[in-house]
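Chain by chain, the residues run as shown.
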Amino acid sequence: MALSDAQSCVPQHIAIIMDGNGRWAKKRGLPRTAGHSAGAEAFRRIANYCRTLGVKYLTVYAFSTENWKRSEAEVSGIMRLLASYLKEALRDMEKNHVRFRFFGDLSRLSPKLQKMCLDAQERSSEYHEVQVNFCLNYGGRDEIIRAIRAYANDVAEGRKQADDLDETVFEEYLDSAGVPDPELVIRPSGEMRLSNFLPWQTVYSEFVFMDVLWPDFGPAELDEAIAEFRRRNRRFGGA
Ligand code: FPP
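Remember, predicted model here, so these are calculated numbers, not experimental data. (Residues numbered from 1 in each chain as written. Predicted model: local features only at pLDDT ≥ 70, side-chain atom pairs only at ≥ 80, totals over all residues. Heavy atoms only, no water.)

As for the overall build of the protein
Rules: Every helix listed is a DSSP run of H or I at least four residues long, and every strand listed is a run of E at least two residues long, numbered separately from the N terminus. For every residue, the accessible area obtained with a 1.4 Å probe (protein chains only) is divided by the maximum for its type, and the residue is called buried under 20%, exposed over 50%, and partly exposed between those limits. The accessible surface values rely on the Shrake-Rupley method and a 1.4 Å probe; as for residues, cover is taken only from the protein chains in view. Within this scheme the basic residues Lys and Arg register as positive and the acidic residues Asp and Glu register as negative, but His and the chain ends are omitted. Note that the charge is assigned to NZ on lysines, CZ on arginines, CG on aspartates and CD on glutamates.
Across its full length, the protein holds seven helices and six strands. Principal-axis analysis of the C-alpha atoms gives the protein an extent of 55 × 50 × 35 Å. Counting across all 239 residues of the protein, residues that qualify as buried make up 46%. In the form shown here, the protein has an accessible surface area of approximately 12500 Å², with 50% of it arising from carbon and sulfur atoms. Computed over 33 positive and 35 negative side-chain charges, the inter-centroid distance for the protein is 6 Å.

Below you can see the structure in the form of structure tokens.
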């Protein structure tokens, strides 16, 4: 099979802010949860397509530390979608070979959802086809504060020295420990903000903002974002 243009040079790590579900639903006179349901479908399509393309890491912003401010009905709708996706992922694990990691403070999730996340993480730890990192109750500032606390704790207990802290050591304390930084961050829906998504990890990422709403995002849109990424002259501060 001939490789498409996007396949011939793919970023190894793509991160996506899955935005626009609410507007997608509103345009159709549907409840916001219907937008999230369509967003979960878009995620399935994109995770499969990333596997086809050979993308190694896909990180998605599924629920932020700020999203708790939404109505109870919307929050529980998103949690239900996540639980149903994880149930399906746990069932199909041996077929799909997707590895799962979870970034964020899972302790605020229901015990049942926490268990599903930990099971998925543990049971998929040997798979290497594509790794999906779900950001769940995730905030970049919260991640950094939790990392600082953990390091301070190690200093207090004599396992580390304050002066030994450098960028490499600090990264081991982040939720993303061991995962290379995303080369490409995509935000659909026309918004052009980072919204507390991976602030440490994206300092040299390329950002592609697109007008499409997340539920309408499919392989063609991912191809377009990758093509835009390939046109960029990536620079890391050197001459
Ligand atoms: C942002 O759109 C989206 C979210 C806050 C939730 C994202 C969740 C999903 C896509 C479903 C999760 C499930 C799986 C399986 C990935 P928005 O609601 O802020 O949209 P708006 O800006 O148009 O209101």
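Description of the side chain of E183
Counted only if it meets this: One speaks of a salt bridge when a side-chain nitrogen belonging to Lys or Arg is within 4 Å of a carboxyl oxygen belonging to Asp or Glu. The term polar contact refers here to a pair of N or O atoms within 3.5 Å; inside protein, the definition further demands a hydrogen-donor-capable atom paired with an acceptor-capable atom, and it admits residues adjacent in sequence only when both atoms are side-chain atoms. Any two residues whose heavy atoms approach within 4.5 Å are treated as being in contact.
Note that E183 resides in the loop between α6 (167-171) and β5 (184-187). Put simply, E183 is tucked away with no salt bridge, and the nearest opposite charge, on R234, sits 5.2 Å away. Polar contacts involving the side chain of E183 include one to the main-chain amide nitrogen of Q12, which spans 3.1 Å. A polar contact is formed between the side chain of E183 and the backbone nitrogen of H13, at a distance of 2.9 Å. Apart from the residues lying within four places of it in its own chain, the contact partners of E183 are P11, Q12, H13, S205, E206, F229 and R234.

With respect to unusual backbone geometry
Outside of glycine, negative phi angles account for most residues, and trans bonds account for most peptide bonds. One non-glycine residue with positive phi stands out, namely S195, at about 50°. Tracing the chain through its elements places S195 in the loop between β5 and β6 (206-209). If you check the backbone angles, N196 has positive phi at about 70° while not being a glycine. Within the fold, N196 resides in the loop between β5 and β6. With relative accessibility at 21%, the residue N196 sits in the partly exposed group.

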